Amino acid sequence: MRYARTNTLLLRTPEGIVFSLPLAGPVSRFLAWGVDAACIVAATSLLHEFIGLLGNISAGLADTVYVIAYFVISIGYGIACEWYWRGQTIGKRVLKLRVMDAQALRLDFSQIVVRNLLRFVDLLPGLYLVGGTACVLSRRFQRLGDLAANTIVVRNQETAQPNLEQLLGGKFNSLLEYRHLTARLRQRTSPQAAAVALDALLRRDELEPQARLQLFAGLADHFRSLVEFPMEAVEQLSDEQYVRNVTEILYRRTERTN
Amino acid sequence: MILDLTRFLAEERKHWTELEATLDRIDRNPDQRMQLTELLKFHELYERASADLAKIETFASEPEIRRYLEGLVARAYSEIHETREKQTRLNPWRWFVERFPQTFRRHLGPFWLALAVTIAGCVFGGVAIRIDPEAKQVIMPFPGLRDDPSERVRREESSKEDRLAGHKSTFAAQLMTHNTQVAIFTMALGITWGAGTMITLFYNGVILGAVAVDYVYAGQARFLLGWLLPHGAIEIPAILLGGQAGFLLASALIGWGSRKPRRQRLREIAPDLTTIIFGAGILLIWAGIVESFLSQYHQPVIPYALKIAFGATELVALTLFLARSGAAAEKRTK
């Protein structure tokens, strides 16, 4: 197991495959805890109202039920939620976080119990000062409860299947008509440059207009320097269209002669 | 070489979908056991997704597919490589009468340490109150304990009214929750390499020793036993169990005499910590009920002999329970 600089835990499986888990930072964890604290307050307030009705029958019984229920909710909320939702509470669901075993193995019930009971120390002397400090100092953003339970909190991975068809397929590509040049382009382009171009296309809508123009101008210049296509193939192509056509050539082997 | 992503996606997508469906099925029904053929298929799909991830990282660096595959491989990895036994449905009775005492016996060292620290605190508190009676004002946590013991006994025994009337169950609930918090806190402080657990147990011992010596030297030993023994026979061992769990956590952190990595040591003790602290919690429910409904009533309402006999019986029963319960089942599994 090794640690990257970018808040990511890298795990190597026995098969030699490396996968990364994006670790949740102290701020997102604190916000999730804030949501959870609000949920606990709301639940106990509702309970108070409900038990108020029970007080009409017996005030002593109502007080007893409230004392026990408050205790069970405040201690059991995290345990119950994380067990039922496999590592998530309401706050963690809102902030898209999840508790995981530090070795990415299955989260055990005892780990959930230990990390939640250790909260008593993490909360000291108030507002998660001990836990927050431990979280900031820890390489894997672990509070003391996480250290004891061998758990980490990660940002939820997207699980939707990727769809590149929309990006790379179905549009006319004037460069594809020059097979000898496209073959040369593939030969001269490094995988890293190809990945940068594809990433830029996938994230183009997230960019500011000026930055988008500059990025695609730079990329287009780079690819033009590798292979020069005839003027009739590239005229009226913007830099972004040029990069899109180049990327399609790099990532789609099936030749098309539209 | 750059990967032909579209063809790669077209060929592999169906296998990813199948793996995702298998993982969703496991999520929905974790207790279900797979047939051998299903397991082999699951393993094949995992290896295929892993290989696809390696291909993407080597030949394409495409972030969206990589993120998706990483998520898929991470989920499958946790199921394939987990060697701990899957949790079966819990039988609460068997857990309490078998697993809880068995777990207690497996970790007797930390329990004796917790007991020794508490006794050391008792001795310190007793000696402190004898050589400096003024220390009572500092040591005793509640104003009621700072009074003259003989005066309190006279007041309690002559009282005609039930001061807990109508509030006994609420008082019991407050005692249960407070004492359970103390036990959890004692366990949780084990994360300070045991220092916090030791301080908590020692301080509890100091109060207990000071109160005991104060009442014994005031000639109120019988009142003391009748007052403390019915609930203390369960409550004090339950707090010691919290201490046992705290020292167990500390020993896993420190790792004396163990060549295992810290993570593995902590992973191994987590189920035992959970069992001990839940067991202590159950004992404290009983202790809270006894303290509220029995301990607070003195002679002539309830004779001291009866209360002392009750407390002594509880102590013997608890000792036998922790020492013997589940031993036969333990032998069978060995």
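With that out of the way, let us pick up the overall build of chain A. Summing up its helical and strand segments, chain A has 13 helices and five strands in all. Burial statistics for chain A: of 258 residues in total, 35% are counted as buried. For chain A, the proportion of contacts with a sequence separation of at least 24, taken over those separated by at least 6, is 62%.

Secondary-structure assignment places L201 of chain A in helix α10 (residues 191–202). Here the alpha-carbon distance between L201 of chain A and F50 of chain A, two residues 151 residues apart in the chain, equals 55 Å.

Take the interface of chain A and chain B next. The interface of chain A with chain B comprises 54 residues on the first partner and 55 residues on the second. For the side of chain A that touches chain B, the secondary structure elements donating two or more residues are β3 (18–22), α2 (59–84), α4 (109–117), α5 (119–122), α7 (144–149), α8 (165–168), α10 and α13 (239–251) of chain A.

Let us look at the packing of helix α1 (residues 26–54) of chain A against α2 of chain A. All names here are of chain A. Here α1 crosses α2 at 165°, and the two axes come no closer than 10 Å. It follows from the interaxial angle that α1 and α2 lie roughly antiparallel. Crossing hand, α1 versus α2: right-handed. Packed against α1, whose contacting residues are D36, I40, A43, T44, L47, H48, I51 and L54, the element α2 presents L61, A62, V65, Y66, A69, Y70, I73, S74 and Y77 at the interface. Here the contact of α1 with α2 is built from residues that sort into 13 nonpolar, three polar and one charged.

Let us now look at the confidence of the model for chain B. The predicted model of chain B averages 89 in pLDDT, with 95% of residues at 70 or higher. This prediction of the complex comes with two scores: 0.80 for pTM and 0.87 for ipTM.

A separate point is the domain arrangement of chain B. Along its sequence, chain B is carved into domain 1 (5–80) and domain 2 (94–333). A C-alpha centroid distance of 51 Å is found between domain 1 of chain B and domain 2 of chain B.

Here we come to the domain arrangement of chain A. Per the domain assignment, the segments making up chain A are domain 1 (2–155) and domain 2 (165–251). Centre-to-centre, using C-alpha coordinates, domain 1 of chain A lies 46 Å away from domain 2 of chain A.

What follows covers the pairing of strand β5 (residues 151–155) of chain A. A regular strand places its side chains on the two faces of the sheet in alternate fashion. Residue and element names in this part refer to chain A. Burial runs high along β5: four of the five residues are buried. Judged from the five bridges that link them, strand β4 (residues 97–101) and β5 form a sheet pairing that is antiparallel. Bridge pairing links V99 to V153 in β5.

Looking now at unusual backbone geometry. Residues and elements named next belong to chain A. P125 follows L124 through a cis peptide bond whose omega is -20°. As for its position among the elements, P125 is in the loop between α5 and α6 (129–137). Its identity is not glycine, yet Y128 carries a phi of approximately 60°, on the positive side. Of note, Y128 is situated in the loop between α5 and α6.

Residues and elements named next belong to chain B. Their axes nearest at 6 Å, the elements helix α5 (residues 108–131) and helix α10 (residues 195–217) cross at an angle of 45°. In terms of orientation, α5 and α10 fall into the oblique class. Seen from above, α5 lies across α10 with right-handed handedness. Of the residues in the contact of α5 with α10, the class split is 19 nonpolar, seven polar and two charged.

A few words on α5 of chain B. Residue and element names in this part refer to chain B. Its 24 residues give α5 an end-to-end C-alpha distance of 34 Å, which sits within 8% of 34 Å, the value for a rise of 1.5 Å per residue. Within the span of α5, buried status applies to P110, F111, L113, A114, V117, T118, G121, C122, G125, G126 and I129. Its buried side turned inward, α5 meets α4 (92–106), α6 (136–139), α10 and α11 (221–254).

Definitions and limits used
- Residues numbered from 1 in each chain as written.
- Chains lettered and ligands numbered in written order.
- Predicted model: local features only at pLDDT ≥ 70, side-chain atom pairs only at ≥ 80, totals over all residues.
- Helix = DSSP H or I, 4+ residues; strand = E, 2+ residues; numbered from the N terminus.
- Buried ≥ 20, exposed ≤ 12 C-beta atoms within 10 Å, placed from the backbone.
- Contact = placed C-beta atoms within 7 Å.
- Axes fitted to C-alpha atoms, helices over the stretch in contact; angles between N-to-C directions.
- Parallel < 35°, antiparallel > 145°, perpendicular 65-115°, else oblique.
- Left-handed = near helix turned anticlockwise from the far one by under 90°.
- Nonpolar A, V, L, I, M, F, W, Y, C, P; charged D, E, K, R; others polar.
- pLDDT = per-residue confidence, 0-100.
- Domains from an automatic or database assignment.
- Pairing = 2+ DSSP bridges.
- Expected span 1.5 Å × (residues − 1).

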